[in-house]
Amino acid sequence: MSAVLKPKPKAIVCDGNEAAAWAVTLARVDMVAVYPITPQSSLVEYLAKFVADGKLNAEIVDVEGEHSVLSVLHGGVLAGARAYTGTCGPGLAFMFEPYLRTPGLRMPMVMSIVTRDTLTPQSVWGGHQDAMSVREVGWIQMYCETVQEVLDTTILAYKVAEHRDVMLPVNVCHDGNYLSYGAARVELPTQEEVDAFLPPPSTNWHAALDPSRPMAIDPLTGGAGGPGPSLFVRYRKGQCAGMQNALAVIEQAHEDWARIVGRRHAPLVESYRMDDAEVALVTLGSMTGAAKDAVDEARDRGQRVGLVKVKTYRPFPVQAVAKALSGVKAVGVVDRSVSFGWNCGPLYQDVIGALQFAAQRPAAMSFIGGLAGADITTDHFGRAIERVQALAKDGQVGETVWLNEKD
Amino acid sequence: MSAYNTIAFKPEHCDGCNACMTACATAKAGSADIINSRIQIVADGDSFELAMCRQCGDPKCVANCPAAALSKDDADGVIEWDGSKCVNCLLCTVGCAFGGIVYNAAAGHVVKCDSCGGDPACVKACERGALTYLTTANIYNEVGDLEDLFVPGLAGCQGCNTELIMRHTMRRIGPDTVLATPPGCIPGMGSVGYNGLTGTKVPVFHPLLTNTASMLTGVKRHYKRQGREVNAVALAGDGGASDVGFQSLSGAAERGEQILFICVDNEGYMNTGMQRSSCTPFGAWTSTTPVGERGAGKTQDAKNMPLLMMMHNCEYVATASTAFMEDLYDKLDKAIAASKRGFAYLHIYSPCTTGWRFPSQENIEVARKAVEANFVMLWEFNPRDGLKLTRDVDNALSIDEYLMALGKYRHLSGDQVAHIQATVEKNVGFIKGLAEGRHPAMAQAMSGRA
């Protein structure tokens, strides 16, 4: 063993938007396209400033709207660039057309969704409705709990996106307001560490717009005759396979990150005080901090309560969720968005789907809170725990509980 | 009307050496005295002008001759002078606006160019390339020597000019190119391809209908960052350029992205089934502006896309027509050069045999009539020189002659024709005003310099 001590990491205090900009810088991104939108705006301001200050050596394209943000990056990636942007809410809605196309063209890029509730009612505050509205488009989605996790995950995301078994775009979701503006102590990895972790960009080996390798990108495919049907199925199945491959690649990337940088985050799901738990909460994103406090308080009272945080939401880690929750009597899933079709939260739908694969299937119910910037406090989580404990006793799955309804 | 071979003059290559005149005088009069030359190069300020017979299609000299001494040869297009019939009245010289037929004292009668039977002495004497003998074929052959970057057998409609535009423009632009062909006729012909087959030899892609200029921005910026010279070119229809794709086009033009954006204007969504676009002219039948008891075609005028692009102060903006290929090539060369400095926009009118309802063999003729009637004006713009007409039509064809050639206008009422006539006149006045600097505020805005 070497006796040389590792130097103390450089620590800064910053918010989630600045943390994302640092990650982009350390990941040596070639191209960023930007258009401002609350609560993402300071993120693109940091990027512009980092470029102006010479910290970030990237081509920055100030475009006239989010539709072009993603379209410019499509061109960049097809020419071989490592690309980044961030958006949310109405901006995400406006870029939906190229957004829809990104995974089908197997374009590895990273886009932060600084999550925001969607219109209407008019709202500029946090909530997961924007990211949830695009959950079935084929992007990988990872949700962050802390500012540090924003920084680390944004770098990690490139390793996942550009992995040859994956080749898909990644959304790193960090909660508007809570993480976008909440400042925290953050350890910056060194450039050497990130370079050791992240290989040089490899984004267009499979599909390129390059005169030295002429090819047609996205010709008409499908139809009822000739090679169309089977060719189309091959593309779709390949995309699904890439998505499933991502589960193992995400785990490996987190392992590599822990080995090189020395910081470990749960890659798919995190089990918190689940060892002998009878009931569990399931959470997503920054609400997890308050939820863990509520679990701790319940544990202090001698109650066997645990928590499962979902970090990787797409692809949904079905087996990991089923395993983590197998054995508890009841589960309460807390969403910051709604599924209009099912009158519950979308994460709840996923969890009850995954529980079909659990060895022992617990009862589960849906809680919705934190819409449009509302707080989900330890009191809210305390009440949710009580409700789930009642469910564990009587097995009666009640109506969806709206946590902020009487605030 | 047939096309004939002709002697062409490029003043920018002329230094006034007189070699052509000496050669002509020697060949035709046996003397080196340039007074006897039938080609005259005349100084015009810093430049030169050509005084010589143009072998006109509608020759005034022939019309003026009371003795039938002048006639146009249908075979080679040359206007021939017959000394046995000439009465030396000199009325022919009055008719000619080009100084192409003049009285020669030594000969004692009028003389004019006869193209030396297809091997003109003047052209052979010109070492600077100011004079060339253009054969009807070599206008195309010059481009034909360059590689056709599309495969044979693109599936365009019969008589489609867009295929001609695609092949000829890409030949000129060359293989170091990334080509965007947004949804429409151009990919519809198979340029991007279908189920694994492609029709293009350069990197080609389907952008979305909405984001052509933005995707090209990304491509171009990354190659620039890598220090690679790659042309970023769009061949887009008018719908994708002027309607749903206008935002990204405007954004890229405003940012001065180094892109060549070619809008192939067939005045509607022809590939999708001939629906109206904002480039569809007033009165036109389309499948979404049908003609019936209460409908009489489109009720609004077309959006003037090239003028809108000019107001973005692009590095180069021009209009072109397939009926005037040399003009088109000239503009294409300028646009390619401009796209290495900033945004270049070329708007090419491409009549649609299917959607405009006219016989497929008349496509070039329809395109020509559009220009001759001032329905389409040929001009170019750059921020330093402003707008310049490249084909100034003085005695315009009647608008009826253009409109009645097309099935899509066959229903027009007198009022509708009058509206179109008035719109054309207004447009001509406005564009000519720009060309003559009669709109100082506009000229200033255009230049982007306060």
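Along every chain, residues carry numbers that run from 1 in the direction the sequence is written. Whichever chain is written first becomes A and whichever ligand is written first becomes 1, with later ones labelled in order. The predicted origin of the model limits local features to residues at a pLDDT of at least 70 and limits the giving and counting of side-chain atom pairs to 80 or more, whereas totals for whole chains, interfaces and linings rest on all residues. Working from all heavy atoms in the structure, the side-chain values ignore hydrogens and water.

Sorry if this is basic, but what is going on with the overall build of chain A here?
Scanning chain A from N- to C-terminus turns up 13 helices and 16 strands. Dimensions along the principal axes, computed over C-alpha positions, put chain A at roughly 70 × 65 × 50 Å. Only protein chains enter the accessibility calculation, which uses a 1.4 Å probe; a residue whose area is less than 20% of its type maximum is buried, one above 50% is exposed, and one in between is partly exposed. Sorting the 407 residues of chain A into buried and exposed places 61% on the buried side. A separation of at least 24 residues holds for 80% of the contacts in chain A among residues at least 6 apart in sequence. On chain A, roughly 16,000 Å² of surface is accessible, and the fraction owed to carbon and sulfur atoms is 54%. Distance between charge centroids for chain A: 5 Å, based on 37 positive and 45 negative side chains. Put simply, DSSP marks the helices as runs of H or I at least four residues long and the strands as runs of E at least two long, and each gets a number from the N terminus on. Contact criterion: two residues are considered in contact whenever any of their non-hydrogen atoms come within 4.5 Å of each other. Here, Shrake-Rupley sampling with a 1.4 Å probe gives the accessible areas, and only protein chains in the shown set may cover a residue. Two residue types count as positive, namely Lys and Arg, and two as negative, namely Asp and Glu; His and chain ends fall outside the count. Here the site of a charge means NZ on Lys, CZ on Arg, CG on Asp, or CD on Glu.

When you look at the environment of Glu436 of chain B in this model, what are you seeing that I'm missing?
Within the secondary structure, Glu436 of chain B is located in the loop between helix H16 (414–435) and helix H17 (440–447). Classification of Glu436 of chain B as exposed rests on a relative accessible area of 51%.

I keep staring at the pattern of salt bridges and nothing clicks. Help me out?
Oppositely charged side chains are able to pair whenever their charged atoms sit close together. Counted as salt bridges are all cases of a side-chain nitrogen of Lys or Arg within 4 Å of a carboxyl oxygen of Asp or Glu. Enumeration according to the criterion identifies 53 salt bridges over all chains in this entry. We note a salt bridge from Glu145 of chain A to Lys309 of chain A, for which the minimum N-O separation is 3.0 Å. In this pair, Glu145 of chain A sits in the loop between strand E6 (140–143) and helix H7 (147–161) while Lys309 of chain A sits in strand E12 (residues 305–310), placing the two residues 164 residues apart along the sequence. Considered together, Glu145 of chain A and Lys309 of chain A belong to a single accessibility category, that of buried residues. Close ionic contact of Lys201 of chain B with Glu147 of chain B constitutes a salt bridge, the shortest N to O distance being 3.6 Å. Taken together, the residues Lys201 of chain B in the loop between helix H7 (185–188) and strand E10 (204–205) and Glu147 of chain B in the loop between helix H5 (138–144) and helix H6 (161–173) connect sequence positions 54 residues apart. Looking at Lys201 of chain B, the relative accessible area reads 37%, which means it is partly exposed.

Honestly, the nonpolar core in this entry has me stumped. Any pointers?
In globular proteins that are soluble, nonpolar side chains generally tend to be buried together. The term nonpolar core refers to a set of buried residues drawn from Ala, Val, Leu, Ile, Met, Phe, Trp, Tyr and Cys, joined through side-chain atoms within 4.5 Å. With 118 residues, the main nonpolar core has Leu325 of chain A together with Phe343, Trp379 and Tyr402 of chain B as its most contacted residues. Residues within four places of Trp379 of chain B in sequence aside, it is in contact with Pro306, Leu307, Met310, Val317, Ala318, Thr319, Lys331, Leu387, Lys388, Leu389, Thr390 and Ile431 of chain B.

What am I meant to see in the interface of chain B and chain A here?
A common way to state how big an interface is: give the accessible area lost once the parts meet. Listed as interface residues are 37 residues of chain B and, on the opposing side, 45 residues of chain A. When two parts are brought into contact, each loses some accessible area as probed by a 1.4 Å sphere; the total of that loss over both is the buried area. Roughly 3,000 Å² is buried in total at the junction of chain B and chain A, and carbon and sulfur atoms are behind 56% of that figure. The largest share of the area that chain B buries against chain A comes from Asn195, Arg221 and Arg225 of chain B, three residues that together contribute 21% of it. One can count four salt bridges joining chain B with chain A. Here Asp30 of chain A and Arg225 of chain B are joined by a salt bridge, their closest N and O atoms 3.2 Å apart. In the analysis that follows, any N or O atom pair within 3.5 Å is treated as a polar contact, provided that within protein one partner can donate a hydrogen and the other can accept it, and provided that, for residues neighboring in sequence, both atoms belong to side chains. At the junction of chain B and chain A, the tally comes to 22 residue pairs in polar contact (both at pLDDT 80 or more). When contributions to the side of chain B that touches chain A are tallied by element, the ones reaching two or more residues are strand E9 (177–180), E10, helix H8 (212–225) and helix H10 (246–255) of chain B. Of the residues forming the side of chain B that touches chain A, the biggest block, nine residues, is contributed by H8 of chain B. Across the side of chain B that touches chain A, the residue classes tally to 14 nonpolar, 16 polar and seven charged. The criterion for strand pairing is that DSSP finds at least two bridges linking the strands in question. Bridge count for strand E9 (residues 216–217) of chain A against E10 of chain B is two bridges, and the pairing is parallel. Here the term charged refers only to Asp, Glu, Lys and Arg, the term nonpolar to Ala, Val, Leu, Ile, Met, Phe, Trp, Tyr, Cys and Pro, and the term polar to all other amino acids, Gly among them.

Mind showing me how you'd approach the domain arrangement of chain A here?
Residue and element names in this part refer to chain A. Domain start and end points were adopted from an automatic or database domain assignment. Entries for chain A in the domain assignment read domain 1 (10–206 + 242–261) and domain 2 (269–402). Here domain 1 and domain 2 have C-alpha centroids that lie 27 Å from each other. Domain 1 puts 28 residues into the contact, and the matching count from domain 2 is 28 residues. Between domain 1 and domain 2, a total of about 2,300 Å² is buried, with carbon and sulfur atoms accounting for 51% of that surface. For domain 1, the biggest contributors to the area lost against domain 2 are Arg135, Glu145 and Tyr178; these three give 27% of the whole. Our count for the contact surface shared by domain 1 and domain 2 stands at six salt bridges. Where domain 1 meets domain 2, there are 22 residue pairs in polar contact (both at pLDDT 80 or more). When residues of the side of domain 1 that touches domain 2 are assigned to their parent elements, the largest contribution, six residues, is made by helix H9 (residues 228–261).

I keep staring at the sheet that holds E9 of chain B and nothing clicks. Help me out?
Reading across the sheet, the nine strands line up as E9(A)-E10(B)-E9(B)-E11(B)-E12(B)-E14(B)-E13(B)-E15(B)-E16(B) and stay open at both edges, with mixed pairing between neighbours. The open sheet has two edge strands, E9 of chain A together with strand E16 (386–391) of chain B, and neither has a second partner. Here six bridges tie strand E13 (residues 316–321) of chain B to strand E14 (residues 344–349) of chain B, and the two strands are oriented parallel to one another. Bridge pairing links Val317 of chain B to Tyr345 of chain B in E14 of chain B.

Help me understand the pairing of E6 of chain A, please; the structure alone is not making it clear to me.
Residue and element names in this part refer to chain A. Side chains of E6 alternate between two faces, with Ile140 and Met142 and Gln141 and Tyr143 buried alike. In this structure, E6 lies alongside strand E7 (residues 170–175), joined through four bridges in parallel fashion. Note that in E7 the partner of Ile140 across the bridge is Val170. Seen with its strands pointing away from the viewer, a crossover is right-handed when the path leading from the first strand over the helix to the second is clockwise. Note that the unit made of E6, H7 and E7 has a crossover that is right-handed. When E6 meets strand E13 (residues 312–314), the two strands line up antiparallel, connected through two bridges. When the bridges of E13 are listed, Gln141 appears paired with Arg314.

Sorry if this is basic, but what is going on with the sheet that holds strand E11 (residues 279–284) of chain A here?
Hydrogen bonds along the backbone pair up the strands of a sheet, which may run parallel or antiparallel. All names here are of chain A. Here we have six strands laid out as an open sheet, ordered E10-E12-E11-E14-E15-E16, and mixed in their pairing. Sheet topology places strand E10 (269–272) and strand E16 (401–402) at the edges, where each strand pairs with a single neighbour. Alignment of strand E14 (residues 330–335) against strand E15 (residues 363–368), held across six bridges, turns out to be parallel. Its bridge partner being in E15, Val331 is matched across the sheet by Ala364. Strands E11, E12, E14 and E15 of the sheet are contacted by helix H13 (residues 378–394), whose axis makes an angle of about 135° with E11. To obtain each axis, a line is fitted to C-alpha atoms, and for helices this fit is confined to the stretch in contact; angles are then taken between N-to-C directions over 0 to 180 degrees.

For this particular structure, what's the right way to read unusual backbone geometry?
Trans is the common state for peptide bonds, and a negative phi is the common state for residues other than glycine. A cis amide bond links Thr38 of chain A to the next residue, Pro39 of chain A, at an omega of 0°. Here Pro39 of chain A lies in the loop between strand E2 (31–34) and helix H2 (41–52). In this model, Thr120 of chain A is joined to Pro121 of chain A through a cis peptide bond whose omega is 10°. Assignment of secondary structure puts Pro121 of chain A in the loop between strand E5 (110–115) and helix H6 (129–133). Backbone geometry places Glu267 of chain B, a non-glycine residue, at a positive phi of 65°. For Glu267 of chain B, the position within the fold is in the loop between strand E12 (260–265) and helix H11 (305–310). Here Glu267 of chain B falls in the buried class, since its relative accessible area comes to 4%. One non-glycine residue, Asn313 of chain B, lies in the positive phi region at around 55°. Considering the arrangement of structural elements, one finds Asn313 of chain B in the loop between H11 and E13. Owing to a relative accessible area of 28%, Asn313 of chain B belongs among the partly exposed residues under this scheme.

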